[in-house]
Amino acid sequence: MCGRLALTLPNDAMAQIFAASPANDLPNLPNYNICPTNRVHVIAASGEARQLVSMRWGFLPHWYDSETSGPLLINARAETIAKKPAFAQACRQRRCLIPATGFYEWTKDAEGRRLPWYIHSADDAPLALAGIWQSWGPDAQKTCAIVTTGANQTLSAIHHRMPLVLQPQDWPLWLGEAGKGAASLMQPGPEEQLHMHRVAPEVNSNRAAGPELIEPFFDDTLANEPTEELPGSDEPRLI
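Only a predicted model underlies this, so the values are computations on that prediction, with no experimental measurement involved. (Residues numbered from 1 in each chain as written. Predicted model: local features only at pLDDT ≥ 70, side-chain atom pairs only at ≥ 80, totals over all residues. Heavy atoms only, no water.)

J.: Whenever I open this one, the layout of surface pockets confuses me. Can you help?
T.: Vacant regions in the atomic arrangement are exposed by a probe of water-molecule size rolled over the atoms. Put simply, the largest pocket is a space of about 220 Å³. Around the largest pocket, the lining is made up of 15 residues, and of these Ser 121, Ala 125, Pro 126, Gln 167 and Pro 168 lie nearest the centre. When grouped by side-chain class, the residues that make up the lining of the largest pocket number eleven nonpolar, three polar and one charged. Its volume calculated, the second largest pocket comes out at about 180 Å³. In terms of lining residues, the second largest pocket is bounded by Ala 82, Cys 91, Arg 92, Arg 95, Gly 176, Gly 179, Lys 180, Gly 181, Ala 182, Ala 183 and Met 186. Residue classes in the lining of the second largest pocket are distributed as five nonpolar, three polar and three charged. (1 Å grid on protein atoms, 1.4 Å probe; cavity = no way out; pocket = protein on both sides within 12 Å on 5 of 7 lines; lining within 4 Å. Points joined across faces, edges and corners; volume = space filled by probe spheres on them. Nonpolar A, V, L, I, M, F, W, Y, C, P; charged D, E, K, R; others polar.)

J.: Honestly, the nonpolar core in this entry has me stumped. Any pointers?
T.: In globular proteins that are soluble, nonpolar side chains generally tend to be buried together. Leu 5, Leu 97, Leu 129, Ile 132, Val 147 and Trp 174 are the most contacted members of the largest nonpolar core, which totals 62 residues. In terms of residue count, the dominant contributor to this core is strand 10 (residues 127–136) (seven residues). Not counting chain neighbours up to four residues away, the residues in contact with Val 147 comprise Ala 76, Ala 78, Ile 81, Ala 130, Gly 131, Ile 132, Met 162, Pro 163, Leu 164, Trp 174 and Met 186. Judged by nonpolar contacts, the second largest core, of ten residues, contains Ala 6, Tyr 104, Trp 106 and Val 203. (Core = buried A, V, L, I, M, F, W, Y, C linked by side-chain atoms within 4.5 Å. Buried < 20%, exposed > 50% of the residue type's maximum accessible area, 1.4 Å probe, protein only. Helix = DSSP H or I, 4+ residues; strand = E, 2+ residues; numbered from the N terminus. Contact = heavy atoms within 4.5 Å.)

J.: I keep staring at the pairing of strand 4 (residues 39–46) and nothing clicks. Help me out?
T.: Two elements, strand 4 and strand 5 (residues 49–57), share eight bridges in a ladder whose sense is antiparallel. Opposite Arg 39, over in strand 5, you have Arg 56 as the bridge partner. Linking strand 4 to strand 5, which pair antiparallel, is a turn of two residues; within it Gly 47 sits at a positive phi near 65°. Alignment of strand 4 against strand 7 (residues 95–100), held across two bridges, turns out to be antiparallel. (Pairing = 2+ DSSP bridges.)

J.: Can you help me understand the pattern of salt bridges in this one?
T.: Pairing is possible between side chains of opposite charge, provided their charged atoms come close. For the structure shown, the criterion picks out five salt bridges. For Glu 177, the salt bridge is made with Arg 50, and the minimal N-O distance between the two is 2.8 Å. Of the two residues, Glu 177 sits in the loop between helix 3 (171–174) and strand 13 (194–198) while Arg 50 sits in strand 5, which places them 127 residues apart along the sequence. We note a salt bridge from Arg 161 to Glu 79, for which the minimum N-O separation is 2.9 Å. One end of the pair, Arg 161, is in strand 12 (residues 161–163); the other, Glu 79, is in the loop between strand 6 (75–77) and helix 2 (88–93), and 82 residues separate them in sequence. Salt bridges linked by common partners bring Asp 109, Glu 111 and Arg 113 together as one network. (Salt bridge = Lys/Arg side-chain N within 4 Å of Asp/Glu carboxyl O.)

J.: Looking at this model, I keep getting lost on the side chain of His 120. Mind explaining?
T.: Tracing the backbone through its elements, the reader meets His 120 in strand 9 (residues 114–121). Of the polar contacts made by the side chain of His 120, one reaches the side chain of Asp 124; its length is 3.1 Å. With residues near it in sequence (within four places) discarded, His 120 still touches Thr 101, Gly 102, Gln 193, Leu 194, His 195 and His 197. (Polar contact = N/O pair within 3.5 Å; in protein donor to acceptor, adjacent residues only side chain to side chain.)

J.: Honestly, the packing of aromatic side chains in this entry has me stumped. Any pointers?
T.: Geometry of an aromatic ring pair is reported as the spacing of the ring centres plus the angle between the planes. With the rule as written, the count across this model stands at four aromatic pairs. Centroid distance Tyr 104 to Trp 106: 6.3 Å. Interplanar angle 40°. Geometry classified as tilted. In this pair, the class of Tyr 104 matches that of Trp 106, namely buried. Through a chain of ring-to-ring contacts, three or more aromatic side chains come together here, namely Tyr 104, Trp 106 and Tyr 118. We note Arg 94 situated over the ring of Trp 133; from NZ or CZ to the ring centre the distance is 5.9 Å. Above the face of the Trp 174 ring, Arg 95 is positioned so that its terminal group lies 5.5 Å from the ring centre. (Phe/Tyr/Trp six-rings, centres within 6.5 Å; stacked < 30°, edge-to-face > 60°. Lys NZ or Arg CZ within 6 Å of the ring centre and 35° of its normal.)

In structure tokens, the structure reads:
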């Protein structure tokens with residue numbers, strides 16, 4: 001599951017890392033609390049070039065009459081993506097990368113309080129999350145979803161799903177630049193790839209902002225209390 005993101009990398013640095021030409025209408029950065037339906041940065045292949053563009057986070061199938069005609073599709077399961085009518089064509093023809101500095105997940109304590117966690121690269125390098133995209137509506141609005149897999153053992157301590165994180169050597173295959181076979185990439189990443197820590201409950205609000213949202217947080221009132229994964233599925237989920 002992946003329902004909230006953080007991205008602090010400047011646009012020019014992002015364009016350089018992903019060898020992509022940046023568009024002029026990219027969202028403002030840094031953003032420590034990117035929520036579903038917000039605009040996100042996306043790397044998509046266009047011919048022989050890569051473009052760094054802005055898309056709505058929340059995939060809109062072509063049959064939706066409006067943005068609220070159906071469930072909010074922010075994630076797509078790797079195990080079923082090729083079979084789902086909403087995602088099948090995009091999975092074959094419109095794959096993308098969604099950069100992130102990190103993402104959030106939640107557990108809950110014995111009293112039902114939501115406990116947020118921040119997950120980031122072990123070496124603090126930017127993450128490249130696998131995505132798919134779709135043009136929708138008369139204005140051809142670009143929309144996207146993040147591909148998820150079953151969690152590896154490390155992340156399974158807080159959730160049974162995780163976003164598909166791709167390594168630089170795999171970007172060309174996912175983007176369709178290196179032929180076919182992208183399905184082979186749809187599996188959990190290595191155990192040592194990601195680190196996680198508790199963060200303050202302020203991020204529970206989609207209006208929260210600021211770098212303090214990703215700072216480590218320890219609540220000694222919860223030190224000896226068990227936590228459990230929040231229930232929910234990947235598609236759809238509205239934060």
